[in-house]
Amino acid sequence: MAWSRLLAWWRLCLGLLSVLVCLAPCVNLQPAENINYNLVHSWADKLGMELFHLGDFITRRKEVQESFKDAKVVSRNGASIVDSMAKEIEMMMDLKVSAVRRIMDTAENTALSHQNDMADKMFSYYSAKEMLEPGDPVPPIPTPAPDMDKDIGEPLIYVQPKVVVLEPRPEFHNTPVNFSVSSVHVPVNVFDRAPDVIKAIQWSENLDQIFRDNYKNDPTLSWQFFGSSTGFMRQFPASKWRKDVPVDLYDCRLRSWYMEAATSPKDIVILMDGSGSMLGQRLDIAKHVVKTILDTLGTNDFVNIFTFDKEVSPVVPCFEDTLIQANLGNIRELKEGIDLFRPKSIANYTAALTKAFELLEETKLSSRGAQCNQAIMIIGDGAPENNREVFELHNWRDPPYKPVRVFTYLIGKEVANWDDIRWMACENQGYYVHLSETAEVREMVLNYIPVMARPLVLGRHDHPVIWSQVYADIEDTKLSDHLWDINQCEHQKADVLEYWQVQGRMLEPSEMHRRKYRRMKETWNQPVDSNVYQFMTTVSMPIYDRRENATRIANILGVAGTDVPINEIKKLLSPFALGVNGYAFIVTNNGYVLFHPDFRPIFQGYILKPAYNSVDMIEVELLDDDRPARDFNPVLMTIRDSIINQSTGSKWMLVKNHFDEMKRVARIKRQYYWTAIKKTPFTLVISYPEQYGVSHMDIRADQEIHRISIKGTNLRSVFSGKRWKIHPDWLFCKHSNRTFKTPEIELLYFLERMSEPGWRWPGSRSAMPPEHAAAMFCDRQLMQALVFDARVTGWFSNNTSFNSKDDKGNEFKQRFGVTVAFLATHSGLTRWHEFHSNAAEESGVGETFSQNNTRAIDEIWYKRAVDQHFVREESFVYSVPFDAGESNSEILVTASHAVFHNEGGKTAPAAVVGFQFQHSALYKLFHNITGNACAVDDKDCYILDNNGYVIISTRVHETGRFFGEVNGAIMKRLLEENVYTQVTVYDYQAVCFESKNDNNASSMLLSPLFHLLRVGKWLLHTALWYIVQLLQWAPGVSSHYADMYGDSNDTEPPPPEPHPEHHARNGNGHGKKDDDLWLRYLTLHRTRLKPCDMKRELYTLFNEKDNVVYNMTAHACERPFVVLPIPFSNLILLVIDQLCPRDGSVVLTVNPQPIDYHLSVNDSLACYKQAREFNRMRPHSCISRHANESGIKLCGKACSVYANLGLLLLCHILSRWL
């Protein structure tokens, strides 16, 4: 019975199944119907309304807008602003020039009055490298007596270091200093007890008084210094020398401020002997000489290097027949070229000299190059003849004037033909030196500086004022390569430890890809602001020897100078006057930026880029014209020419502004104004958006500070409480003789002073020479706006609106996890209000926000909110950190909204309000609205922002990532359907990494040491293998590795498909090739830094109203998604049908990609740029000749010959028999 019933049920089930099969063709089960357009639309609307009501209530934006009702809106006059700023900078720079001129005058007079003093070898001075502080251990006096110095034939002198009290000062970046004395730095290649050196140290100690007087007259002065031609540098205030590198490489004579002041601009052709005798140590010395010469050149100099044997060849082939500007990028290219040079055959001096003279003549006739001094530098081991006819033809046409100086460097200990090569220098107003040791190269090469300075010294009265290009306060530019080498070594150390930890898994393609991506991501970190280096320009002047016996040799005593920190110049620019998204920058005569908001001189957070200070203005002002890379718009080139020629003008342009780590972009129309900073090579440029920058907020007369003070308002009371801060980088008020712990304390001090009777506003930030600098200064317009903003927004930080009795406030607080609401005004004021879940959190909540968000209009959330206002006024901008998915802590969503004030048909941004709330609460809200529709496997739901970054995803680890890396195929469709627009942004300040390995087969034949190097490399590999094996037995390494090199949760594009060989494993999980693989990947593959160009493909929403794409429904797998804007926000809602096949091979990324210029094998980016060089303005000062110079016969010492009787006798015997 039971069996028959079961059988009946079975037949019934089969019947029903057959019916369903028959009806199947009539039922539409296409995946696209899983996405209901109307349902998605309701989700977007509900989510938008919920978030908007939250923001509207939390920020009290209507009340904020009402608070500014008494303000007025006025037009911004760009021409007046740029002119006013330029005058402020000019006055400040005049102060620095006056200080340097006093140092120069004092130095020349002091040297003259002490000309008959005897050098005291026991003279004690404050050595920057040896001086002691109280409490430091005193080094013991050496006993027995020091050994004999072989060079000078006398016992070495020991003088006990002097003791000095040093105190950290904020104006010197908290460097411990002493304002009573100066300290002396002596390079390692200079003997401080040599008569000429110690005598100059003695008399220059009298400069301390003028240093102190200068600082008293102008307390804004930075470091003052005197760089002596003997090599030492006297610096005030006294401080200990920093040691950024293991060896002290600093020599003031190699710094741009010294070189450019000591010599006028110069064109130099370097000729390097390529004969077969230039091998071994001679070749090393010769290359060292060339590199040292290159280190003495600046951006106003031009140079090229040729090697000569039977033929004359440039070391960089693409630099043929031209002189190139001596900027850091080109100098680096020349140094790399000289490193690859190998001598070949007999040297043809005639052809080399002819080539050099013809190139210099052509440069002068074509008005290229420096158009001032010209010189030929010859490096070789002897010339077969003096080539008199070449000099007569090219250099002696107009006696006694000889337009080209010749400097010769004879290389080698045993040289025979020294007289001809010396003759070349002496007969052509140059200098000759003989070099036999690498250690003497720097000092000998620097002998050419006094010779080039002779026309300056003979003129005596003309002291050119030189302003240097921007540079970092480091000892040597080679520090970048040193730091990069250390970085690579640290990576290898980490790899070795990781290999012990994970063994074969480390060699999996996915692991290798993850590690490579993580390290590349580190190199993309290019902060604009950094505390690692202090960037500055320096003003300097030459100091001449005016002693009577000096005329015959025309000696230069040195250079006086003072630093001008870039940050101090920025403080004079009054960013408040330019408004949000407005900025200013300075351009030099070469077209390079002194500073710019997109000037990114460092990468990886602490390493200087190899060509960091030669960034052209057209490389940072990116026009929105869709041109290919380095195809610059003629309009932009015309503006650049006007700027470097120091004209005054204005222009508007459509530009692309990238921001937020170069991951977002805005396309806007900007106004530009520019004018010269008189008596300097600089031009000031300002820019602001035309859409909302043409007008700005202003206060009415009855709201001015003195009027509200008369009415009884306590100025300090409008800044009550602790929930407010002001922009830390803006100059509200300053006191020349006082420093304050925080900007807020400084502001309160000045508010009290303003309340006192008799307060008068200082008229200028800087005083005109003679320097009677005011004790304090306040920016009147900025302070008036700040006090007004503080008065009308004082209610914002109070808790009265959000007390415990406020049910709606508690509801929002609990539902959304709101942590803080904030307000930032156009005057740099930031206020905030914390939301506490309990009283215990009262003291700590809000501290994180107030520490990281104090820059008001310069904060990214402020700028984005103002831009969003013109997309939709009633909307908030939402964002999460890019690394939110990688963080283990609570993710916070930041929302911001711009408040504009309207009057008389004009509108201007007054403030931005916003709040932060927990991402988990937003996700919960989204889940509640969508139900379980997005939680099932057949749908993927995303909330994306206006630049394509994930705000909400069902997979939390995708939060913050660019959607093109998550689902490239759908992102591509969004791009094709005009949901997003792709914007290409070029990065002309990028850094690439070139392998140091030379795989050229010819080098193996040319170098007999190549096979020895291969043996050394094998030994290194073997040693590394044993180290790894030993680590497997070392206890505690695992825990140490886990602490220091634990796996991160970095997200990156998917790795490539694994190679089949990686799947072939033996019984222990290791393939036969693993031993070779781990050695290949764990061996340090050294690379060198290289300037390069990159591009990023960035994205922004296509913000046309009523975009038809938002009305389109899903259609099977042809369009397996629905996308809709979320009202009142910068967000879109994207729902994807997961049942449709997904093309995982499509990946769109915002990461930088190298630009392929289709260069030939021997060409580089430097070659490409040289072929498209830009115009430049030459310095006004050029002193290259003087009538009395022909009377100076000093041109270097002849070669010393040491006779050995035995050798002479042997030579005589051999000459008789052979």
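Scope of this entry: the structure provided in the associated data block. Source: prediction; values computed, not measured.

Let's talk about the state of the cysteines
Reasoning step 1: If you walk through the whole model with that rule in mind, you get seven disulfides.
Reasoning step 2: The disulfide partner of Cys992 is Cys1092, and the S-S distance across this bridge is 2.0 Å. What sets the handedness of the Cys992 and Cys1092 disulfide is the S-S torsion sign, and at about 80 degrees it is right-handed. Taken as a pair, Cys992 in strand E38 (residues 980-995) and Cys1092 in strand E39 (residues 1087-1101) lie far apart in primary sequence, 100 residues in all.
Reasoning step 3: Each sulfur of the disulfide joining Cys1117 and Cys1140 lies 2.1 Å from the other. Where Cys1117 bonds to Cys1140 through sulfur, the torsion about that S-S bond is close to -90 degrees, and the disulfide is left-handed. Pair noted here: Cys1117 is in the loop between E39 and strand E40 (1121-1125) and Cys1140 is in the loop between strand E41 (1132-1137) and strand E42 (1153-1154), with a separation of 23 residues, a long-range link.
Reasoning step 4: Taking relative accessible area as the criterion, Cys1140 reaches 7% and is therefore assigned buried.

Quick word on the pattern of salt bridges
Reasoning step 1: Scanning all chains against the criterion turns up 58 salt bridges.
Reasoning step 2: A salt bridge links Lys266 to Asp301; the nearest nitrogen and oxygen atoms lie 3.2 Å apart. Taken together, the positions of Lys266 in strand E9 (residues 266-273) and Asp301 in the loop between helix H8 (281-295) and strand E10 (302-308) put the pair 35 residues apart, joining distant regions of the chain. Of the two residues, Lys266 and Asp301, both sit in the buried class.

Re the packing of aromatic side chains
Reasoning step 1: If you walk through the whole model with that rule in mind, you get 52 aromatic pairs.
Reasoning step 2: A centroid spacing of 6.5 Å and a plane angle of 35 degrees characterise the contact between Phe172 and Tyr215, whose relative ring orientation is tilted. Of the two residues, Phe172 sits in the loop between strand E4 (167-169) and strand E5 (175-177) while Tyr215 sits in helix H6 (residues 208-217), which places them 43 residues apart along the sequence.
Reasoning step 3: Residue class for Phe172 comes out buried when judged on its relative accessible area of 1%.
Reasoning step 4: You can call Tyr215 buried: its relative accessible area is 14%.
Reasoning step 5: Each ring, one from Phe632 and one from Phe1174, has its centre 5.7 Å from the other, and the planes form 75 degrees; the classification is edge-to-face. Within this pair, whereas Phe632 is found in the loop between strand E23 (607-608) and helix H20 (634-644), its partner Phe1174 is found in the loop between helix H35 (1165-1170) and helix H36 (1205-1217), the two being separated by 542 residues in sequence.
Reasoning step 6: Judged by its relative accessible area of 15%, Phe632 is buried.
Reasoning step 7: The rings of Phe52, Phe816, Phe876, Tyr878, Phe915, Phe917 and Phe1128 are connected pair by pair, giving a single aromatic cluster.

Re the sheet that holds strand E37 (residues 950-953)
Reasoning step 1: Spatial ordering of the open sheet is given by E37-E36-E41-E40, a layout of four strands whose pairing is antiparallel. Where the open sheet ends on each side, the last strands, each with one partner, are E37 and E40. Between one strand axis and the next, the sheet turns through 20 degrees on average, direction left out of account.
Reasoning step 2: One ladder, built from six bridges, connects strand E36 (residues 939-944) with E41; its direction is antiparallel. Its bridge partner lying in E41, Asp940 is registered against Ile1136.

Let's talk about helix H4 (residues 78-113)
Reasoning step 1: The first and last C-alpha atoms of H4 sit 53 Å apart over 36 residues, in line with the 52 Å expected at 1.5 Å per residue.
Reasoning step 2: For H4, the capping residue at the N-terminal end is Asn77, with a side-chain oxygen 3.3 Å from the backbone nitrogen of Ala79.

Overview of the side chain of Ser228
Reasoning step 1: Counting through the fold element by element, Ser228 comes out in strand E7 (residues 224-228).
Reasoning step 2: Once you skip the residues sitting within four places of it in the chain, Ser228 turns out to touch Ala200, Cys252, Arg253, Tyr258, Leu557 and Gly558.

A closer look at the sheet that holds strand E33 (residues 877-879)
Reasoning step 1: Judged by pairing direction, the sheet is antiparallel, and its six strands sit side by side in the order E28-E32-E31-E35-E34-E33 without closing on themselves. The open sheet has two edge strands with one neighbour each: strand E28 (724-726) and E33. Averaged over all pairs of adjacent strands, the angle between their axes in this sheet comes to 20 degrees, without regard to strand direction.
Reasoning step 2: As paired strands, strand E34 (residues 892-903) and strand E35 (residues 906-918) are joined by 12 bridges and run antiparallel to one another. Opposite Thr894, over in E35, you have Gln916 as the bridge partner.
Reasoning step 3: Seen against the sheet, helix H24 (residues 780-792) touches E28, strand E31 (818-825) and strand E32 (829-834) and runs at an angle of roughly 20 degrees to E32.
Reasoning step 4: Set on the sheet, helix H27 (residues 860-869) makes contact with E31, E33, E34 and E35; between it and E34 the angle comes to about 55 degrees.

So, the nonpolar core
Reasoning step 1: Among the nonpolar cores identified, the biggest contains 256 residues, and Tyr409, Phe963 and Leu974 are the most heavily contacted of them.
Reasoning step 2: In terms of residue count, H4 provides more of this core than any other element does, 14 residues in total.
Reasoning step 3: With near-sequence residues (within four places) excluded, Tyr409 lies in contact with Val289, Ile293, Met377, Ile378, Ile379, Gly380, Val433, Leu435, Met444, Val445 and Tyr448.

Re the pairing of E39
The side chains of a regular strand alternate, residue by residue, between the two faces of the sheet.
Reasoning step 1: With respect to burial, E39 is a largely interior element, 12 of its 15 residues being buried.
Reasoning step 2: In this structure, E38 lies alongside E39, joined through 14 bridges in antiparallel fashion. Across the sheet, residue Tyr980 finds its bridge partner in E39, namely Leu1101.
Reasoning step 3: Strand direction decides the pairing type here: E39 and E42, joined by two bridges, are antiparallel. Considered in E42, the bridge of Lys1095 is made with Gln1153.

Topic: the pairing of E7
Reasoning step 1: By the criterion of burial, E7 is predominantly enclosed, with five of the five residues buried.
Reasoning step 2: Residues Gln224, Phe226 and Ser228 point to one face of E7 and Phe225 and Gly227 to the other, with burial holding for every one of them.
Reasoning step 3: Judged from the four bridges that link them, E7 and strand E8 (residues 233-236) form a sheet pairing that is antiparallel. Bridge pairing in E8 links Phe226 to Arg234.
Reasoning step 4: In textbook terms, the turn of a hairpin is the stretch between consecutive antiparallel strands, and for E7 and E8 this stretch comprises four residues, one of which, Gly231, has a positive phi near 120 degrees.

The rules we used
Residues numbered from 1 in each chain as written. Predicted model: local features only at pLDDT ≥ 70, side-chain atom pairs only at ≥ 80, totals over all residues. Heavy atoms only, no water. Disulfide = S-S within 2.5 Å. Helix = DSSP H or I, 4+ residues; strand = E, 2+ residues; numbered from the N terminus. Buried < 20%, exposed > 50% of the residue type's maximum accessible area, 1.4 Å probe, protein only. Salt bridge = Lys/Arg side-chain N within 4 Å of Asp/Glu carboxyl O. Phe/Tyr/Trp six-rings, centres within 6.5 Å; stacked < 30°, edge-to-face > 60°. Pairing = 2+ DSSP bridges. Axes fitted to C-alpha atoms, helices over the stretch in contact; angles between N-to-C directions. Expected span 1.5 Å × (residues − 1). Polar contact = N/O pair within 3.5 Å; in protein donor to acceptor, adjacent residues only side chain to side chain. Contact = heavy atoms within 4.5 Å. Core = buried A, V, L, I, M, F, W, Y, C linked by side-chain atoms within 4.5 Å.

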